[in-house]
Amino acid sequence: MTIYHAPVKDIHFLLDDVLKIDRFNNLPGFADASQDVRSVILSEAARFSEEILHPLNAVGDIEGCTRNADSSVSVPRGFAKAFSQLGEGGWIGLSAPVEYGGQGLPATLSFAVNEIFSSANMALEMFSSLTRGAVEALLTHGSDEQKRTYIPNMLAGKWTGTMNLTEPHSGTDLGMMRTKAVKAQDGSYRITGTKIFISCGEHDIAENIIHLVLARTEGAAAGIKGVSLFVVPKLLINDDGSVGERNAVSCGSIEQKMGIHGNPTCVLNYEGATGWLVGGENKGMEAMFVMMNEARLGAGLQGMAQSEVAYQNAANYAKERLQGRAIGGAAHPEKPADPIIVHPDVRRNLQSIRAFNEAARALALYSALRSDLAHRSEDAETRSSADEYLSLVTPVIKGVLTDKGFANAVAAQQMYGGHGYIVETGAEQFVRDARITMLYEGANGIQALDLVARKLPRNNGRAVQAFLGEIDQFIADNGSQKNLTLTVKALNEGIADLKKATGSLMKFTTKDPNEAIAGSTDYMHLLGLVALGYMWGLMLKTAYEKIADGDSSDYLTMKISTGSFFLERALPETALHLRRIEAGGRNILDVPAEAF
C-alpha cells in the first residue's frame, strides 16, 4: 500500500511568503482567498486526497475500465462516488466564474489543489481537469446559450468534458483531419468521423459527457485553416435542461494502455451526431488552443505530481528498508542492518528528486499567478506581459516537468531494488502513469519545436528577453547579499549559458532553421533549468528573510539545504546543454534517412 501526504506546508510557503499573493487582493477573487481561507481549502484538499482519492489509486490501476456489450464503459470501483464528492465539494469549479456555479477563486490556488489531487490519483483527477479545460474553451468562445446550457452542470460534476482532436491517420498534424460537419436546416451540424485517444471519452462516472470536437465543414479550406470546433453532448439536452435521447456517438473500443488504467481512453465513432458550432466557422483551432494550453500546463503539473508521490514513497521505503551497513561502521548497531537511507547514493537520488519537485512546484504556481494576471488584471500592459510569459513557458512546463517527472519516478523506483519492479509496492505504477504525460497534449519533441520555432522568435524575442531581464534584475538586487552568494553565482553562470544558447540558435536560424531545431530539446531543458534555478533563488531569499525574522524551523533549514543542492548539482547542467546547442545539427541533419 502506497502513501501520500499533501505538501501543504510547502504550498503555504510559496503562496504566502514567496509569491505573497495577498498583495494581489485588488484582482477579482483574490480578496476572497485570504490566508485563512487558503488554509481551510488546502487542509480539506489534503484530507480528501489522503483519505479518499489515494486509496483508490491502486484500485483504478488493477481494475481498469471495462467496455460493456452495449458500448458503455464502467469505471473502477469507488471512482463514481469520489468524483461526485469532487463536484459536490466545489473542487471542479474552484476558480471558475461564480455566475455559472464556480467559486471564482484564483487559478493559482486551483493549481495548488490540482497538484494534490493529481499526486493522489492522477487517473481520477483527469475527469476533473478535462472538464475544466472544456469549460474554459466554452467560457472563451461559446455563445451565452452554450455557457448557460453546459457549464453549470459541468462545474457541479453532473456532466464531464472531453476534447476530441486526434484521428487514426493524424496525430499532431490536425490539418489532416477528416471528420466532417454538415449543417442542418435548424442551424445545428451532423458530425461524422472517428476520433482516437479520447481521455474520459465514455464512462458511467457522470450523467452526461460534453464532447468538444474538431471537424471540417462542407467546402472548408484544406489544412488547419479549415477546422471548426463543435460541442457534441453524449446525451442531447431537452428544452428544460434535462438530458434526453442518446446522440449518435459511441465508444468503439477502449485502449489497453501502459498506465492510467483508471481512466478510459476511447475510440469514439461519430455517425451523424448532432453538434453545435463553438465560435465561428474555420476558427476551431483558436478555440481549441484555449483548452490545449490549459491541458499542457496541466500535463506539466501531472508530471511533477507523479514525481512527488514517487519521491514520498521512495523516501519512506529508504528509511524503513534494512540492508547492509553504513561505510565506516554501523549507524544502528542495535539493528540487524542499517536502513538504506545511510548510503550517500541513496541520499543523492532522493535529494535530486526533492530539489526538482520543490522548484517545479514553485514554477507551476509562479506561472499560475501570471495566468491570473493575464485574465484578471485591469491593466492592459500587465495582461499582455503575463500572456507573453505564459506563451513562452507553457512548452517548457509541459516538456521539462514531464521529462523530469518521469525520470524521477524511475529514479524513485530504483530505491526499491527488485521490489520496485513488483506491483505490490506501487512504485512501478508511478512510472507507468508518469509516462503518458510526456506523450499527450503534444509529445515533448513538439513542445521543444514550438518553443524554438514559434515562441522564441515571436515579437523579436520579447518574451524571452523580458524573462532574462527579470532574472538579471534579481541577480543585481541580491549580488551583495552574503547569504545568496552561491545563488547569485549559480544563476549568473546559468543565465550566461542561456544567453549564449539563445544567440547560437538565432545564428543557426538565419542559415538553416533545421539546424536550430536540432538543438530545440536541449534549449527547452536549458531554459527550464534556469527557470527552476530562479525559483530556488526566490525561495532561498525568502527562507533567509524568515530566519532573520526569528523563524528557526527545521523546514527552512531543509529548504536551504535542498536549494543549495540544486544550485550546485543540477543547475550546472546548463553548460552541457549549451555545448550541444553550439555543436550545431549537421551530425544529425546530414545523416541520410536510409541510414537509420
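This one's a predicted model, so the numbers in the text were calculated from it and none came from an experiment. (Residues numbered from 1 in each chain as written. Predicted model: local features only at pLDDT ≥ 70, side-chain atom pairs only at ≥ 80, totals over all residues. Heavy atoms only, no water.)

Peer 1: Please give an account of the overall build of the protein chain that cites residues and values.
Peer 2: Across its full length, the protein chain holds 19 helices and eleven strands. Put simply, the protein chain has 596 residues, and 58% of those count as buried. Contacts in the protein chain between residues far apart in sequence, at least 24 positions, make up 73% of those at least 6 positions apart. Looking at the protein chain, you have 56 positive and 69 negative side-chain charges, and the mean spots of the two groups are 4 Å apart. (Helix = DSSP H or I, 4+ residues; strand = E, 2+ residues; numbered from the N terminus. Buried < 20%, exposed > 50% of the residue type's maximum accessible area, 1.4 Å probe, protein only. Contact = heavy atoms within 4.5 Å. Lys, Arg positive; Asp, Glu negative; His and termini not counted. Charge placed at Lys NZ, Arg CZ, Asp CG, Glu CD.)

Peer 1: An account of helix 12 (residues 444-455) is needed here, citing residue identities and associated values.
Peer 2: Turning to helix 12, its buried residues are Asn444, Gln447, Ala448, Asp450, Leu451, Val452 and Lys455. Close packing links the buried residues of helix 12 with helix 8 (284-320), helix 10 (380-414), helix 14 (485-511), helix 15 (513-517) and helix 16 (520-548).

Peer 1: An account of the packing of helix 9 (residues 344-376) against helix 17 (residues 554-570) is requested, with residue identities and associated values reported.
Peer 2: For the pair helix 9 and helix 17, the least separation of the axes is 9 Å and the interaxial angle reads 100°. The orientation of helix 9 with respect to helix 17, classified from their angle, is roughly perpendicular. The segment helix 9 lies against helix 17, with Arg348, Gln351, Ser352, Arg354, Ala355 and Glu358 engaging Met558, Lys559, Ser561, Thr562, Phe565, Phe566 and Arg569. Grouping the constituent residues of the contact of helix 9 with helix 17 by class yields four nonpolar, four polar and five charged. (Axes fitted to C-alpha atoms, helices over the stretch in contact; angles between N-to-C directions. Parallel < 35°, antiparallel > 145°, perpendicular 65-115°, else oblique. Nonpolar A, V, L, I, M, F, W, Y, C, P; charged D, E, K, R; others polar.)

Peer 1: Let's hear about the side chain of Thr162: which residues, and what values?
Peer 2: Its place among the elements puts Thr162 in strand 3 (residues 159-164). Take Thr162: its relative accessible area is 0%, and that puts it in the buried class. In this structure the side chain of Thr162 is engaged in a polar contact, spanning 2.8 Å, whose partner is the side chain of His211. Apart from the residues within four sequence positions on either side, Thr162 is in contact with Ala134, Ile198, Ser199, Cys200, Gly201, Ile209, Ile210, His211, Leu212 and Met291. (Polar contact = N/O pair within 3.5 Å; in protein donor to acceptor, adjacent residues only side chain to side chain.)

Peer 1: Residues and numbers for the environment of Thr402, please.
Peer 2: Within the element layout of this structure, Thr402 appears in helix 10. When the C-alpha positions of Thr402 and Thr437 are compared, they lie 5.7 Å apart, and in sequence the two are 35 residues distant. In this structure Thr402 touches Ala299, Gly300, Gly303, Ile397, Thr437, Met438 and Asn444, once residues within four positions along its chain are discounted. Within the structure, Thr402 has its side chain in polar contact with the backbone oxygen of Gly399 (distance 3.3 Å).

Peer 1: Give me unusual backbone geometry: which residues, what numbers.
Peer 2: Of note, Ile260 is a non-glycine position whose phi angle comes to about 35°, a positive value. Inspection of the secondary structure puts Ile260 in the loop between strand 10 (249-254) and strand 11 (265-278). Ile260 sits in the buried class, given a relative accessible area of 3%. Phi at Glu441 is positive, roughly 60°, even though this residue is not glycine. Turning to its location among the elements, Glu441 is positioned in the loop between helix 11 (427-435) and helix 12. Among the residues examined, Glu441 registers a relative accessible area of 19% and is labelled buried.

Peer 1: I'd love a proper account of the side chain of Asn478, names of residues and values included.
Peer 2: The residue Asn478 is located in helix 13 (residues 462-478) in this model. Owing to a relative accessible area of 3%, Asn478 belongs among the buried residues under this scheme. Not counting residues up to four positions away in its chain, the partners in contact with Asn478 are Leu484, Val488 and Lys541.

Peer 1: Describe in detail helix 5 (residues 107-120), supporting the description with residues and values.
Peer 2: Taking 1.5 Å of rise per residue, 14 residues should cover 20 Å, and helix 5 covers 20 Å from first to last C-alpha, within 8% of that figure. Burial runs high along helix 5: 14 of the 14 residues are buried. (Expected span 1.5 Å × (residues − 1).)

Peer 1: Let's hear about the environment of Arg190: which residues, and what values?
Peer 2: Looking at where Arg190 falls in the secondary structure, it is placed in strand 5 (residues 189-199). Residues Arg190 and Arg348, spaced 158 residues apart in sequence, show a C-alpha to C-alpha distance of 58 Å. When near neighbours in sequence (up to four residues on either side) are disregarded, Arg190 contacts Lys180, Ala181, Val182, Ala184, Gly272, Ala273 and Thr274. Within the structure, the side chain of Arg190 is placed 2.8 Å from the side chain of Ser188, a separation counted as a polar contact.

Peer 1: So what about the packing of aromatic side chains? Which residues, and what values?
Peer 2: Within this structure, the stated rule accounts for 13 aromatic pairs. With a centroid separation of 5.8 Å and an interplanar angle of 75°, the aromatic rings of Phe474 and Tyr534 are classed as edge-to-face. Of this pair, Phe474 sits in helix 13 while Tyr534 sits in helix 16, and the two are 60 residues apart along the sequence. Tyr534 matches Phe474 in its accessibility class, with the two residues each being buried. Taken together, the ring pairs in this structure connect Tyr366, Tyr389, Phe467, Phe474 and Tyr534 into an aromatic cluster. For the cation-ring pair, Lys9 lies above Tyr555, with the distance from its terminal atom to the ring centre recorded as 5.2 Å. Directly above the ring of Tyr389 sits Arg370, whose terminal nitrogen or CZ lies 4.4 Å from the centroid. (Phe/Tyr/Trp six-rings, centres within 6.5 Å; stacked < 30°, edge-to-face > 60°. Lys NZ or Arg CZ within 6 Å of the ring centre and 35° of its normal.)

Peer 1: How would you explain the packing of helix 2 (residues 35-53) against helix 4 (residues 79-88) if you had to name every residue and give the values?
Peer 2: For the pair helix 2 and helix 4, the least separation of the axes is 11 Å and the interaxial angle reads 165°. If you check the angle between helix 2 and helix 4, you find them roughly antiparallel. Read as a crossing pair, helix 2 and helix 4 show a hand that is right-handed. Judged by residue contacts, Phe48, Ile52 and Leu53 of helix 2 engage Ala82, Gln85 and Leu86 from helix 4. Its residues assigned to classes, the contact of helix 2 with helix 4 shows five nonpolar, one polar and no charged. (Left-handed = near helix turned anticlockwise from the far one by under 90°.)

Peer 1: If you had to explain the environment of Leu124 to someone new, which residues and values would you point to?
Peer 2: Structurally, Leu124 is set in helix 6 (residues 122-141). You can call Leu124 buried: its relative accessible area is 0%. Apart from the residues within four sequence positions on either side, Leu124 is in contact with Leu53, Phe79, Ala82, Phe83 and Ile205.

Peer 1: So what about the pattern of salt bridges? Which residues, and what values?
Peer 2: All chains considered together, the criterion is met by 33 salt bridges. In this structure, Glu115 and Arg361 form a salt bridge, with 2.9 Å as the shortest nitrogen-oxygen distance. Of the two residues, Glu115 is situated in helix 5 and Arg361 in helix 9; the sequence distance between them amounts to 246 residues. Owing to a relative accessible area of 2%, Glu115 belongs among the buried residues under this scheme. The shortest N-O distance in the salt bridge between Asp450 and Arg454 comes to 3.5 Å. In this pair, Asp450 and Arg454 are both assigned in helix 12, four residues apart and thus about one turn of the helix distant. A relative accessible area of 8% places Asp450 in the buried class. Counted as one network, the salt bridges with shared partners bring together Asp10, Glu115, Glu308, Arg354, Glu358, Arg361 and Lys559. (Salt bridge = Lys/Arg side-chain N within 4 Å of Asp/Glu carboxyl O.)

Any functional reading would require information that these geometric values do not contain.
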